[in-house]
There are 2 protein chains.
Amino acid sequence: MSTPLSTETEKNSLIITMLISSWEMQNKRLAELITKLSDEELLSETSPGKNTGVYLLGHIIAASDGMFAIMGLQDKMYPALEDIFLRTPDKSGKTFPAIDTLKEYFHTVTNSLNTYFKKMSVVEWLSKHNSVSAEDFAKEPHRNKLNILISRTNHLASHLGQMLYLEKK
Amino acid sequence: MSTPLSTETEKNSLIITMLISSWEMQNKRLAELITKLSDEELLSETSPGKNTGVYLLGHIIAASDGMFAIMGLQDKMYPALEDIFLRTPDKSGKTFPAIDTLKEYFHTVTNSLNTYFKKMSVVEWLSKHNSVSAEDFAKEPHRNKLNILISRTNHLASHLGQMLYLEKK
């Protein structure tokens, strides 16, 4: 029942590594799915009347791109996506980037985030994110960067579950 | 940029509390959804030709029930669900429990798990789960109970995303 880790610091590092792996695994599954799907499949609805695959892909990229800013890492890479895929629902009539462009954006954002994530220290992960004030963070220390990673991993898993419906039986 | 936590032990406890909250939030969303959905909606497919709501609910309960055993907490509460909802696909002809019974099982399993989770120490969370040998665990310390919680939270988020499609527009 005992753990082979000897120090508390090692335990913290291990847990953060586990959480980065969990984030990466969801992104890897999405990468595999969009490689496999045809453009026609990506353009179709995940369920009748629900979001299309291309909208959900854009939505996921825009959400990931937002992590640079909320974690204070760098500016967004593709700020124009926010209006199309976060502030506006699907089928609004707005023009989406081409599917190949979105796929490229997805890989660029994901790879850039992962490069930062692997260099961040435990202290940095547990520091406040940019959507909480210093006063509130003093009372609510869970509102840190690691919590952004956890909630965005669940958000990604949820939409990935929906995008799996685009696969032909 | 600094964290208000002073010790490494406090950091570990905070991260584990965040992960339990993340698990609980997904379960709370599912609880709200199944309260809102009619039996007719739960019996329908989440997308044409895909799993029904009732199958996904049973599948989630069976997966959660499996956490008791893999974490060495207690025996499964409803072992009969494994065959119906984990080993057999939807529409196999097997008889499902009544919807009200499944809803009751969901709450019982979730509440019982959460009671254990709130009492577990950091050392216990980072100890090996029952599907890995002591030899492998010595080399791969991430194969611990906390990792089960993380992966099952993502699994739940994924199917919850699909079940949201049962809601009338």
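Structure's up top.
Residue numbering note: each chain is counted from 1, following its sequence as written. To read the labels, note that chains go from A and ligands from 1, taken in the order they are written. Local features are withheld for residues below a pLDDT of 70 in this predicted model, meaning they are given only at 70 or higher, and side-chain atom pairs are given and counted only at 80 or more; totals for whole chains, interfaces and linings count all residues. Values reported for side chains reflect all heavy atoms of the structure, with hydrogen atoms and water molecules removed beforehand.

Caption draft 1: Quick peek at the overall build of chain A. Check the secondary structure of chain A and you find eight helices and zero strands. Here a strand is any run of E in DSSP of at least two residues, a helix any run of H or I of at least four, and the numbering for each starts at the N terminus. Listed by position from the N terminus, the elements making up chain A come as α-α-α-α-α-α-α-α. A principal-axis box enclosing the C-alpha atoms of chain A has dimensions of 50 × 40 × 25 Å. Burial classes follow relative accessibility: with a 1.4 Å probe on protein chains only, a residue under 20% of its type's maximum area counts as buried, one over 50% as exposed, and anything between as partly exposed. Expressed as a percentage of its 169 residues, the buried residues of chain A come to 52%. Here the accessible surface of atoms and residues is derived via Shrake-Rupley with a 1.4 Å probe, and residues count as covered only by protein chains that are part of the display. For chain A, the accessible surface area stands at approximately 7,700 Å², while carbon and sulfur atoms represent 53% of it. Positive charges come from Lys and Arg alone, negative charges from Asp and Glu alone, with His and the N- and C-terminal ends not counted. Every charge is mapped to an atom, namely NZ of Lys, CZ of Arg, CG of Asp or CD of Glu. Positive and negative charge centroids in chain A, built from 19 and 20 side chains respectively, lie 3 Å apart.

Caption draft 2: Fine view of the relation of the copies chain B and chain A. A least-squares fit on C-alpha atoms brings the copies together, and the residues used are those whose pLDDT is at least 70 in both copies. Overlaying chain B with chain A gives an RMSD of 0.0 Å, the required rotation being 180 degrees about an axis along which the chain moves by 0.0 Å. Both copies are brought into coincidence by an operation consistent with a two-fold rotation axis. Of the C-alpha atoms belonging to chain B, the one lying closest to the rotation axis is found on B:Ser158, 2.0 Å away. Two residues form a contact once any of their heavy atoms are found within 4.5 Å. A share of 100% of interface residues in chain B that are also interface residues in chain A marks the association as one of identical surfaces.

Caption draft 3: How the structure looks around empty space enclosed by the protein. Lining residues are those with an atom within 4 Å of a point, where the points come from a 1 Å grid over the protein atoms alone and group into cavities, where a 1.4 Å probe fits but cannot get out, or pockets, open sets with protein on both sides within 12 Å along at least five of seven lines. Grid points are joined across faces, edges and corners, and a volume is the space filled by probe spheres set on the points. Scanning all chains against the criterion turns up three cavities of 30 Å³ or more. Its volume calculated, the largest cavity comes out at about 90 Å³. Every residue along the wall of the largest cavity is listed here: A:Leu19, A:Ser22, A:Leu149, A:Ile150, A:Thr153, A:Asn154, B:Leu19, B:Ser22, B:Leu149, B:Ile150, B:Thr153 and B:Asn154. Within the residue set of the lining of the largest cavity, elements represented by two or more residues are α1 (8-36) and α8 (145-163) of chain A together with α1 (8-36) and α8 (145-163) of chain B.

Caption draft 4: Inspection of the interface of chain B and chain A at higher detail. Each side of the interface is counted separately: chain B has 44 residues, and chain A has 44 residues. When two parts are brought into contact, each loses some accessible area as probed by a 1.4 Å sphere; the total of that loss over both is the buried area. Contact between chain B and chain A buries roughly 3,900 Å² in total, counting both sides, with carbon and sulfur atoms accounting for 64%. Throughout this description, the term salt bridge denotes a Lys or Arg side-chain nitrogen within 4 Å of a carboxyl oxygen of Asp or Glu. Inspection of the chain B/chain A interface yields zero salt bridges. Polar contact is the term for a pair of N or O atoms within 3.5 Å; when the atoms are in protein, one must be able to donate a hydrogen and the other to accept it, and sequence-neighboring residues count only if both atoms are side-chain atoms. Our count for the chain B to chain A interface comes out at twelve residue pairs in polar contact (both at pLDDT 80 or more). Secondary structure elements with two or more residues in the side of chain B that touches chain A: α1, α6 (122-125) and α8 of chain B. It is α1(B) that contributes the most residues to the side of chain B that touches chain A, eleven residues altogether. Any residue outside Ala, Val, Leu, Ile, Met, Phe, Trp, Tyr, Cys, Pro, Asp, Glu, Lys and Arg is labelled polar, Gly included; the first ten of those are nonpolar and the last four are charged. Of the residues belonging to the side of chain B that touches chain A, the class tally is 19 nonpolar, 18 polar and seven charged.

Caption draft 5: Examining helix α5 (residues 99-119) of chain A more closely. All names here are of chain A. Multiplying 1.5 Å by the helix residue count minus one yields the expected span of that helix. Relative to the 30 Å expected for 21 residues at 1.5 Å per residue, α5 spans 31 Å between its end C-alpha atoms, a close match to the ideal helical length. Residues Ile-99, Leu-102, Lys-103, Tyr-105, Phe-106, Val-109, Thr-110, Ser-112, Leu-113, Asn-114 and Phe-117 constitute the buried set of α5. The elements touched by buried residues of α5 are α1, α2 (39-43), α3 (53-70), α4 (80-85), α6 (122-125) and α8.

Caption draft 6: Broad picture of the nonpolar core. Among the nonpolar cores identified, the biggest contains 98 residues, and A:Phe117 and B:Phe117 are the most heavily contacted of them. When sequence neighbours within four positions are dropped, the list of residues in contact with A:Phe117 reads A:Ile20, A:Trp23, A:Met67, A:Met71, A:Leu73, A:Trp125 and A:Leu149. Side-chain atoms within 4.5 Å link the members of a nonpolar core, which is a set of buried Ala, Val, Leu, Ile, Met, Phe, Trp, Tyr and Cys residues.

Caption draft 7: View of the packing of α3(A) against α8(A). Residue and element names in this part refer to chain A. In the contact formed by α3 and α8, the axes pass within 10 Å of each other and the chain directions differ by 175 degrees. In terms of orientation, α3 lies roughly antiparallel with respect to α8. In this structure, α3 contributes Gly-53, Leu-56, Leu-57, His-59, Ile-60, Ala-63, Met-67 and Ile-70 to the contact, and α8 contributes Ile-148, Leu-149, Arg-152, His-155, Leu-156, His-159, Gln-162 and Met-163. Here the residues of the contact of α3 with α8 sort into ten nonpolar, five polar and one charged. Whenever a helix is involved, its axis is fitted only over the stretch in contact; in every case the axis is a line through C-alpha atoms, and angles between N-to-C directions fall within 0 to 180 degrees. Throughout, the term roughly parallel applies to angles under 35 degrees, roughly antiparallel to angles over 145, roughly perpendicular to angles from 65 to 115, and oblique to all others.

Caption draft 8: Fine view of unusual backbone geometry. Phi angles above zero are rare outside glycine, and A:Lys91 is one such case at about 60 degrees. Of note, A:Lys91 is situated in the loop between α4 and α5.

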